Amino acid sequence: MVAFNPDETSEIARARLKKRSLNVQLVDRLFVAAVYILLATFLAIVLLPLIYIVASSFSSPQAVSAGRVGLWPVDFSLRGYEVALRDPKIVSGFLNSIFYTVAGTLISVVLTIAVAFPLSRVDFFGGSLITKLIVFTMLFSGGLIPTYMVVRSMGMLNTPWAMIIPNAIGVWQVILARAYFRDAIPKELYEAARVDGAGDIRFLLLVAIPLAKPMIAVIALMYAIWQWNSYFDALIYLRTDALHPLQLVLRNILILNTQSNLGDATAMLERQQLADLLKYSLIVISTVPVLLIYPFVARHFTKGIMLGSVKG
Amino acid sequence: MAVSENGDEIDRRGWRYRARRSWQRHWQLYLLILPPLVYFAIFKYLPMVNAIIAFKDYNVVAGVWGSPWAGWKHFSSFFGNLVFWQLIRNTFTLSAYYVLASFPIPIILALALNEVRLRAFKQTVQLVTYAPYFISTVVIVSMTILILSPRIGLVGDVFGLFGVPAVDFLGRADYFRHVYVWSDIWQTTGYSAVIYMAALASIDPSLYEAAKVDGASRIQKIIHVDIPGLMPTAIIILILGVGNIMQVGFEKAFLLQNPLNLSQSEIISTYVYKTGLLNANFSLATAINLFNAMINLVLLVGVNAVAKRVTGRSLW
Amino acid sequence: MAGVELSGVTKAFGGFHVIHGLDLKIDDGSFTVFVGPSGCGKSTLLRMVAGLEDVSGGVVRIGGTDVTDADPVARGIAMVFQNYALYPHMTVRQNIGFPLRMQGAAKKTVEQRVSEAAEILQLGELLERKPAQLSGGQRQRVAIGRSIVRNPDVFLFDEPLSNLDAELRVSMRVEIAKLHKTLGTTMIYVTHDQTEAMTLADKIVVLRAGRIEQVGTPVELYTNPASLFVAGFIGSPRMNFLSGTYVDSFVTLVNGVSWHAELDIDGSAEILVGVRPEHFVPGPASVSLPLSVDIVEYLGGTRYVYAALPGESPLTIEDRGADDMQSGSSREFPLDTSKALYFTPEGKRLYALG
Ligand SMILES: Nc1ncnc2c1ncn2[C@@H]1O[C@H](COP(=O)(O)OP(=O)(O)OP(=O)(O)O)[C@@H](O)[C@H]1O
Ligand SMILES: [Mg+2]
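The rules behind each value
Residues numbered from 1 in each chain as written. Chains lettered and ligands numbered in written order. Predicted model: local features only at pLDDT ≥ 70, side-chain atom pairs only at ≥ 80, totals over all residues. Heavy atoms only, no water. Helix = DSSP H or I, 4+ residues; strand = E, 2+ residues; numbered from the N terminus. Rg over C-alpha atoms; globule rule 2.2 N^0.38 Å. Buried < 20%, exposed > 50% of the residue type's maximum accessible area, 1.4 Å probe, protein only. Contact = heavy atoms within 4.5 Å. Areas by Shrake-Rupley, 256 points an atom, 1.4 Å probe, with all protein chains shown as cover. Buried area = accessible area lost by both parts, 1.4 Å probe. Salt bridge = Lys/Arg side-chain N within 4 Å of Asp/Glu carboxyl O. Polar contact = N/O pair within 3.5 Å; in protein donor to acceptor, adjacent residues only side chain to side chain. Nonpolar A, V, L, I, M, F, W, Y, C, P; charged D, E, K, R; others polar. pLDDT = per-residue confidence, 0-100. Near = heavy atom within 4 Å. Patch = residues over 30% accessible without salt bridge, like charges linked within 9 Å, V, L, I, M, F, W, Y side chains within 5 Å. Domains from an automatic or database assignment. Core = buried A, V, L, I, M, F, W, Y, C linked by side-chain atoms within 4.5 Å. Pairing = 2+ DSSP bridges. Axes fitted to C-alpha atoms, helices over the stretch in contact; angles between N-to-C directions.

## A word on the overall build of chain B
Scanning chain B for helices and strands turns up 15 helices and 0 strands. Here the C-alpha radius of gyration of chain B, 27 Å, is well above what a compact globule of 316 residues would show, namely 20 Å. For chain B, the proportion of its 316 residues judged to be buried stands at 50%. Partitioning the contacts of chain B with sequence separation of at least 6, the portion at a separation of at least 24 is 62%.

Spelled out as structure tokens, the structure:
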């Protein structure tokens, strides 16, 4: 056998490595290109429908109805928005939704803190039993009709209360808030406050809540968006049109094709065209408030998902 | 146990003492938690009690307790009904299809985003794909209907490009599931990817360095570092999906329903709504609901047992 | 102002016993330090005095009143925590004033007392800052400020300096000693740094596994430890322990060196001989110990010599000589046997008779 020459072998190895890394570099380049193409596709798939909706909402009734609109407005017009904002049902739905969202979120946040904070204290006797009972409601429920019967017997049917109270507390939000109070606020602060003479309520108001602002913002946003977007409670609990939230009004117009007040348009064809256009404008109107604040809150939402991963 | 030194000690063990102490110290907290507890009692636990009407012939006048017992009548009439198997099949198929189809896509998105070094591009993609999550179900469904509409929708145009007559996706029962599942994936992929992005961010950086030293290509790095790192999260999400398989939400299916697709779009929750609130058959609707809830509970408990085995962590 | 008295105090977490029937009297106005190894129950004991932890049995008295079941705020105590426990969203002024506001004190009183405290602790310029904008030492001063505005009867400190760097630790130690002089209030102080214990304490309580090992002044504990444990724990560098035998009033080390000693013991026994580093000096009762030098550390005036008997672990010797000492060389060191302490292998002190 030839004598073993370390220098030589290492040279060969280095050369091989160099060649391999050239290959690797090439493969990587191609791969990165593929990644960008893939992501651009994702982007397009999400974005194109949204653009189409917005473009249509700014087009003329005739163009929309004939299916002539693509990704840019055709015969630019604001007729859709005009009709939408003149419709008293839509306006009242919008105002109702604002009311339900503000009031509901407020009540939900207060109740969630009221349950999560005591449960976050380790020496709160009965806390683990209460936690179990609350989590259990996530796994099992009496169902639609028995709940409906309770709401009915409380006299809440067809009142704004039905929109705010029956689903006021989300178990997930409770778990999140409890974990935050327990893990993100050092227990020494609580002990210091006890030595300083602050009772539980004063500790909550003066120390825990100010320190839990990020978490409270997250759960408030969760509740608010849920309230703004839901229609089911309204569908089953509200009869009177005047109480309907925007989503239910939208459902009637967008999906059930209930004709809304189309103003002065009298001709059959014109009515149909306007009805088509109105849908696009309505989608934009109802979604813009949420999507406008979304970029600012997305970060907090992401944080909220992470908070949840702090084991409950 | 140790014998007390002053007779006082035994008194300080046990739940009675702890309960009394806790009350002395935290009475404010007990007052604070009272309203939420009342809420849970009334709106979550009272309905569970009311669910007893599944075994009764409920009528409004007699009330829950005054109504005559009916035994298993409503259950057997449901099991004997022709729609029973159709409902089970529709619910299960829709859900299984959704769980399987929606599982890999957020992972792919997260892995791809993780490869991007251009911050602006990465953030744009994240922000845009995340956005639909915040759109309401009503709006998503109407967008779907509008876009898929052969007459005015975007899809009509696409078919037109190829000179093929447009398909009426909403007019045929066979398409219902695809429409339901893929519109949902469109809405939630960006959101789900966030969870995987977090899992990727928490992978030990030294693993990447090791891969680099070994001269691994990016694809090899993904296969050997990223994907194993995602596994625990992915398994939990998949298991959770399986646990909820008989629990398809009412909101979207109900909105997408029309007389033409009912044979596939009628699921348990929509059927319960119609039986109970539209046809006012409270007892039957409650029986169906109860049956479904029991299946869910069994599935969830079973799935949790599996999760504990696989991941060593309980889901609750 | 008040003394603290614990009688028969026990503590168990679930079934896990941490404090075993402990009796202790702390004099009014004294500075008492709890020391002991990590996990021995120092913090638990302090927290039971504070009322942050319920006792499992026994009685706690402060100023003669039974406070066993009283709330912390009702005990007239103030506590300073290891991690400061300042309210992060409040300014220094608000932090210091917080306990007064909780008492419902008038705005004027709060203002006045806060500025008094700020003066004592030199926090004047920092009053409008938030805790995050302070250094560790400043934070701990704020925490102390928060505790003094209430004029407590007893101050409790749980390792208040252990998050500070060495230099700051020394200066804060001096400040706390000064504070005790000025206020004259009872202070109980937990630490596992025995230098802090020696310098601050009127009285040191050495704890070991939930029991009191010895109570005494720093000098008592240093010169007259009740057990091997205390002897080894108090003093820095540590006391040296040499194994030996005791036969017929003679102590003999493994290398054969022996001297006369009358111990409270019958017949012969294996014993441990404890010698402090500064007791390797010539004297009337000195013996000569041949050791091989390991390492020499020069500290200026003195030096520490690490030297070992063959087959034994090295001894620490404090030496004031100025001659050249090579590591690896062999030398004779004097050992003042009159200062030596004796222990059984189980750690019990063997007292010399007469
Ligand atoms: N809340 C608790 N639950 C269970 N065990 C506890 C609890 N608090 C303390 N212990 C245990 O009690 C023992 C004494 O703890 P303690 O905190 O008093 O020790 P320490 O002497 O202060 O130690 P260190 O010097 O490390 O602070 C330890 O073994 C600890 O594990
Ligand atoms: Mg401690």
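## Points about the overall build of chain A
Helices and strands together make up the secondary structure of chain A, namely 14 helices and 0 strands. Traced from its N-terminal end to its C-terminal end, chain A shows the element sequence α-α-α-α-α-α-α-α-α-α-α-α-α-α. Taken over 312 residues, chain A has a buried fraction of 54%. Pairs at least 24 residues apart make up 70% of the contacts formed inside chain A by residues separated by at least 6 positions. Summed over its atoms, the accessible surface of chain A is roughly 14400 Å², and 70% of this surface lies on carbon and sulfur atoms.

## Focus on the interface of chain B and chain A
Chain B puts 100 residues into the contact, and the matching count from chain A is 99 residues. Overall, the association of chain B and chain A removes approximately 8800 Å² of surface from exposure, summing both partners, and the carbon and sulfur fraction of that is 76%. On inspection of chain B and its partner chain A, the count reaches 1 salt bridge. Of the charged contacts, one joins Asp-123 of chain A and Arg-25 of chain B as a salt bridge, the two residues approaching to 3.4 Å between their closest N and O atoms. In this assembly, chain B and chain A are joined by 20 residue pairs in polar contact (both at pLDDT 80 or more). If you tally residues by element for the side of chain B that touches chain A, the top one is helix H1 (residues 14–50) of chain B, at 24 residues. Residue classes in the side of chain B that touches chain A are distributed as 70 nonpolar, 19 polar and 11 charged.

## Let's talk about the pattern of salt bridges
Under the defined criterion, the tally for this structure stands at 23 salt bridges over all chains. A salt bridge links Arg-79 of chain A to Glu-82 of chain A, with the shortest nitrogen-to-oxygen separation between them at 3.8 Å. Remark: Glu-82 of chain A and Arg-79 of chain A occur in helix H3 (residues 79–86); sequence separation between them is 3 residues, near one turn of the helix. Close ionic contact of Lys-252 of chain B with Asp-184 of chain B constitutes a salt bridge, the shortest N to O distance being 2.9 Å. With a gap of 68 residues between them, Lys-252 of chain B in helix H12 (residues 250–256) and Asp-184 of chain B in helix H9 (residues 176–201) connect regions that are remote in the sequence. Each of Asp-123 of chain A, Arg-21 and Arg-25 of chain B together with Asp-54 of chain C takes part in salt bridges that share partners, so that together they form one network.

## Topic: the interface of chain A and chain C
Tallying the contact residues gives 15 residues for chain A and 22 residues for chain C. The junction of chain A with chain C conceals about 1700 Å² of combined surface from both sides, 64% of it contributed by carbon and sulfur atoms. Ranking the residues of chain A by area buried against chain C places Arg-194, Val-195 and Asp-196 of chain A at the top, with a combined share of 38%. Where chain A touches chain C, the interface holds 2 salt bridges. A salt bridge links Arg-47 of chain C to Glu-191 of chain A; the shortest N-O distance between them is 2.7 Å. Where chain A meets chain C, there are 8 residue pairs in polar contact (both at pLDDT 80 or more). Counting residues per element, the side of chain A that touches chain C draws most heavily on helix H9 (residues 187–196) of chain A, which supplies 8 residues. Residues that form the side of chain A that touches chain C fall into these classes: 9 nonpolar, 1 polar and 5 charged.

## Thoughts on the confidence of the model for chain B
All names here are of chain B. Taken as a whole, chain B shows an average pLDDT of 87; of its residues, 95% reach a score of 70 or greater. Considering each helix and strand of chain B separately, the mean pLDDT is smallest for helix H8 (residues 154–161), with a value of 74, and largest for helix H5 (residues 104–115), with 94. Scored below 50 in pLDDT, residues 1–10 makes 14 contacts in the model with residues more than four places away or belonging to other chains. With pTM at 0.87, the complex prediction returns an ipTM value of 0.87.

## Structural notes on the side chain of His-244 of chain A
Topologically, His-244 of chain A is positioned in the loop between helix H12 (232–237) and helix H13 (246–255). In this structure, His-244 of chain A is in contact with Ser-92, Gly-93, Asn-96, Leu-238, Arg-239, Val-249 and Asn-252 of chain A, ignoring residues within four places of it in sequence.

## Examining the site of ligand 1
Residues and elements named next belong to chain C. Around ligand 1, the neighbouring residues are Phe-13, Phe-16, Val-18, Ser-38, Gly-39, Cys-40, Gly-41, Lys-42, Ser-43, Thr-44, Glu-159 and His-192. Taking Cys-40, its main chain carries an N or O atom lying 3.2 Å from an oxygen atom of ligand 1. Across the complex, the protein chains shield 60% of the 630 Å² of accessible surface that ligand 1 would expose by itself. Of all the elements in the fold, those that place two or more residues in the shell around ligand 1 are strand S2 (16–26) and helix H1 (42–50).

## Observations concerning a nonpolar patch on the surface
A cluster of nonpolar side chains, namely Val-27 of chain A together with Ile-219, Ile-223, Ile-227 and Met-231 of chain B, defines an oily patch on the protein surface of about 390 Å² accessible area. In this structure, Met-231 of chain B sits in helix H11 (residues 218–243). Here Met-231 of chain B falls in the partly exposed class, since its relative accessible area comes to 42%.

## Examining the domain arrangement of chain B
Under the domain assignment used here, chain B contains domain 1 (2–52) and domain 2 (66–311). When each unit is reduced to the centre of its C-alpha atoms, the spacing between domain 1 of chain B and domain 2 of chain B is 40 Å.

## Here we look at the nonpolar core
Counting residues in each nonpolar core, the largest one holds 227 residues, and the members touching the most others are Leu-39, Phe-181 and Met-215 of chain A together with Leu-6, Phe-34, Leu-156 and Ile-188 of chain C. Broken down by element, this core gets its largest block of residues, 12 residues, from H9 of chain B. Not counting residues up to four positions away in its chain, the partners in contact with Leu-39 of chain A are Leu-109, Ala-112, Leu-113, Val-116, Phe-121 and Val-125 of chain B. Counting residues in each nonpolar core, the second largest holds 43 residues, with Val-110, Leu-126, Leu-179 and Phe-233 of chain C among its members.

## Topic: H1 of chain C
Across the 9 residues of H1 of chain C, 8 count as buried, placing the element largely inside the fold. Two residues or fewer past H1 of chain C, Gly-51 of chain C is found with a positive phi of approximately 90 degrees.

## Things to note about the sheet that holds strand S15 (residues 286–298) of chain C
Residues and elements named next belong to chain C. In space, the 4 strands of this open sheet follow the order S17-S16-S15-S18, with antiparallel pairing throughout. Since the sheet does not close on itself, it has two edges, and those belong to strand S17 (315–319) and strand S18 (330–336), each with one partner. Sheet twist, expressed as the mean angle between neighbouring strand axes with direction ignored, is 55 degrees.

## Thoughts on the side chain of Ser-183 of chain B
Residues and elements named next belong to chain B. Within the secondary structure layout, Ser-183 lies in helix H9. Classification of Ser-183 as buried rests on a relative accessible area of 9%. Here Lys-252 takes part through its side chain, which lies 2.7 Å from a polar atom of the side chain of Ser-183. The contact partners of Ser-183, leaving out residues within four places of it in the chain, are Thr-144, His-178 and Lys-252.

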